[in-house]
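# Chain and residue survey
What follows is the residue order along each chain.
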Amino acid sequence: MSNRETLARRIDMAAGRTPVDTLITNCKVVDVFSQTIFERPVAIGDGKIVGFGEYEAGKIIDVAGGYVMPGLIDGHVHIESSLVSPAQFARCVLPYGTTTIIADPHEIANVCGLEGIRYMLDAARDLPLNVRIMLPSCVPATPFEHAGATLDAKELATLIDHEGVHGLAEVMNFPAVVNSDPAMLDKICMASSRGRGVDGHSPGLSGRDLIAYAASGIKTDHECSTVEEMHERIRLGMYVLIREGSATKDLRALVKGLTNANYHRCVFCTDDREPADILANGHLNKSLRIAVEEGVDALQAITIGTLNAATCFGLKGKGGIAPGYDADIMVVRDLVDFEVSHVFTRGEHIAQDGTLLVEPRELERQSVRSSVHIPPLSLEDFKLKVSGSKVRTIHVIPGTILTESVVRNVVLDEEGCFNAQDNAGLAKIAVIERHKAIGNIGLGIFENYHIQNGAVATTVAHDSHNIVVAGDNDADMLVAVNDLKEMGGGITLVREGKVLGHLPLPIAGLMSDQPAQKVAQQMKELLDLAQTLHINPALQPFMTLSFMSLPVIPALKLTDCGLFDVTTFSFVPVAADRD
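Residues numbered from 1 in each chain as written. Predicted model: local features only at pLDDT ≥ 70, side-chain atom pairs only at ≥ 80, totals over all residues. Heavy atoms only, no water.

As annotated in an unreviewed UniProt entry, the protein chain is Adenine deaminase from Desulfoplanes formicivorans. The annotation that UniProt attaches to the protein chain under Cofactor (unreviewed entry) is "Mn(2+)". (UniProt positions renumbered as here; feature names shortened; annotations may be inferred.)

### A closer look at the overall build of the protein chain
Looking only at helices and strands, the protein chain has 17 helices and 28 strands in total. Over its C-alpha trace the protein chain gives a radius of gyration of 24 Å, about what one expects of a compact globule, namely 25 Å for 579 residues. Reported as C-alpha extents along the three principal axes, the dimensions of the protein chain are approximately 90 × 50 × 45 Å. Across the 579 residues in the protein chain, those meeting the buried criterion constitute 63%. Of all intrachain contacts in the protein chain linking residues separated by at least 6 positions in sequence, the fraction that spans at least 24 positions is 69%. By element, 50% of the accessible surface of the protein chain is carried by carbon and sulfur atoms, the whole surface being about 20800 Å². Treating the 50 positive side-chain charges of the protein chain as one cloud and the 73 negative ones as another, the clouds have centres 4 Å apart. (Helix = DSSP H or I, 4+ residues; strand = E, 2+ residues; numbered from the N terminus. Rg over C-alpha atoms; globule rule 2.2 N^0.38 Å. Buried < 20%, exposed > 50% of the residue type's maximum accessible area, 1.4 Å probe, protein only. Contact = heavy atoms within 4.5 Å. Areas by Shrake-Rupley, 256 points an atom, 1.4 Å probe, with all protein chains shown as cover. Lys, Arg positive; Asp, Glu negative; His and termini not counted. Charge placed at Lys NZ, Arg CZ, Asp CG, Glu CD.)

### Structural notes on unusual backbone geometry
Look at the link from Val 139 to Pro 140: it is a cis peptide, with omega at 0°. Note on placement: Pro 140 falls in the loop between strand 8 (130-135) and helix 5 (153-157). Positioned with a positive phi, Ser 370 is a non-glycine residue whose angle comes to about 55°. By secondary structure assignment, the location of Ser 370 is in the loop between strand 17 (355-356) and strand 18 (390-396).

### Quick notes on the side chain of His 76
By secondary structure assignment, the location of His 76 is in strand 6 (residues 72-77). Residues within four places of His 76 in sequence aside, it is in contact with Ile 102, Asp 104, Glu 170, His 222, Leu 241, Cys 269, Thr 270 and Asp 271.

### Describing the pairing of strand 21 (residues 441-447)
Burial within strand 21 is extensive, with six of its seven residues counted as buried. When strand 18 meets strand 21, the two strands line up parallel, connected through two bridges. Paired with Ile 394 across the two strands is Phe 446, which belongs to strand 21. Summarising the sheet, strand 20 (residues 426-432) and strand 21 pair through seven bridges and their orientation is antiparallel. Across the sheet, the residue bridging to Ala 427 is Phe 446, located in strand 21. (Pairing = 2+ DSSP bridges.)

### Overview of the pattern of salt bridges
Enumeration according to the criterion identifies 32 salt bridges in this entry. A salt bridge links Arg 233 to Asp 221, with the shortest nitrogen-to-oxygen separation between them at 2.7 Å. Remark: Asp 221 occurs in strand 11 (residues 220-221) and Arg 233 occurs in helix 9 (residues 227-235); sequence separation between them is twelve residues. Judged by its relative accessible area of 0%, Asp 221 is buried. Residues Asp 271 and Arg 243 are paired through a salt bridge, measuring 2.7 Å at the closest nitrogen-oxygen approach. Of this pair, Asp 271 sits in the loop between strand 13 (266-269) and helix 11 (275-281) while Arg 243 is found in strand 12 (residues 239-243), placing the two residues 28 residues apart along the sequence. Here Asp 271 matches Arg 243 in class, with each residue buried. Connected through shared salt-bridge partners, Glu 115, Arg 118, Asp 122, Arg 125, Asp 126, Arg 361 and Arg 365 make up one network. (Salt bridge = Lys/Arg side-chain N within 4 Å of Asp/Glu carboxyl O.)

Set out below in structure tokens:
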């Protein structure tokens, strides 16, 4: 059918000359354009909304007085952080009304390079979930760690015109932008020259440096944690993506800064969410629920989660309930709990009362497996020799991926080595390069994690996804690392030399090939087991650990190259006697 014939058919349906495909009846329509609610049936045809009122229809769906609203749009998410494949991620979020996501495959790109991005594009292509891929801008994220690939502007340009690609993903290396680094500017120019947007990531940046960052054409940021940071970015013409993830929860703080004048410059995002969290608490509908709890007007909250995101990212035909718009629709029972009863994407009824009515296609690809490559290790590799009794420790802060750099006095053994079991409240942490088996191991000291008589290790370690392991003894740390190698990546817990439990993640060491419900159950079992190691209950033990190697989030982190001070962007010794 030609474009003219398709358009004519849509007009005929809207005019009532031709029956529509589906009519949603007994409903209240949320109008995000005029911030009102009206009661009329909604007509759908050829994947579009074609009108309001009574129509002859092939199918009639009575939604029992529910509220019809646009499908939710996640402004920034890493599918890999859900620990499941794109198809299984779609199964998780669609029943909760999320119909479109702006996805950054930064994680798999750092492991598998362009092949990882191609896998995500192909795996997302035929899903009932609308997936718009942003090309990772920072692979590796910084020059201070070893990743599995290096992607420059020329390599990214080979994918920028792909139909599934929407723009350039979060530019985390903000010093490179502020200092006009040629390689980073080439990537921004590559995207903007094609008319593609560029996402931002600038924690703690302010003043003249933030102005320079915004002047580059970067128009979003999901790293605000205070109202002041949010307001400063909005004044500079940026959109603020208000994040509510599994480990990082900024929503309750930031919505206090929303006003009638600025809410249109805000979008909801999740960034990193685990399947157990999604299945238990919902997805973006949870963000709506929290916003309303915090006093945000329900219609404004819905607009932030729909129309604002569509406007921000130039998603034509999305974000509203109006003739000619895509029939990406969710129906909720009320505007307080936002319990979802029905979901439609492209006009197809795909979920009802939490059950998915379609089966997303799973993609198998061997090239993104077998990604853990490390040389043989011994206990000697975990020895941390320190000169002096004062050390820098990574102090983890519950509810955020920020850390503090704290100086502590420690007791050392006869060889001058740090042993966690001799220092109450402290643990050892190591980051091991796992892509090229080059043998790099960074060692540091970790506090407020409270692990006892064991170790936790994972190949999910932002952003380069090397192995990160924490424990109070070297023997268990070694067992944990070897278990990851044998699994081909994943998460593991060890106590007194035995593996308590693990979750295999064979797809790039980041994602499971199992159903989301099974992964969620395995994760629950691991979280329960983590309690037996006395890990701080205020922390999500695995996601917290995965951010300890992220050298773009202040203040102190650890990479395979060593201890890294993010405030000065420089490596520092563990010993602090000379400070």
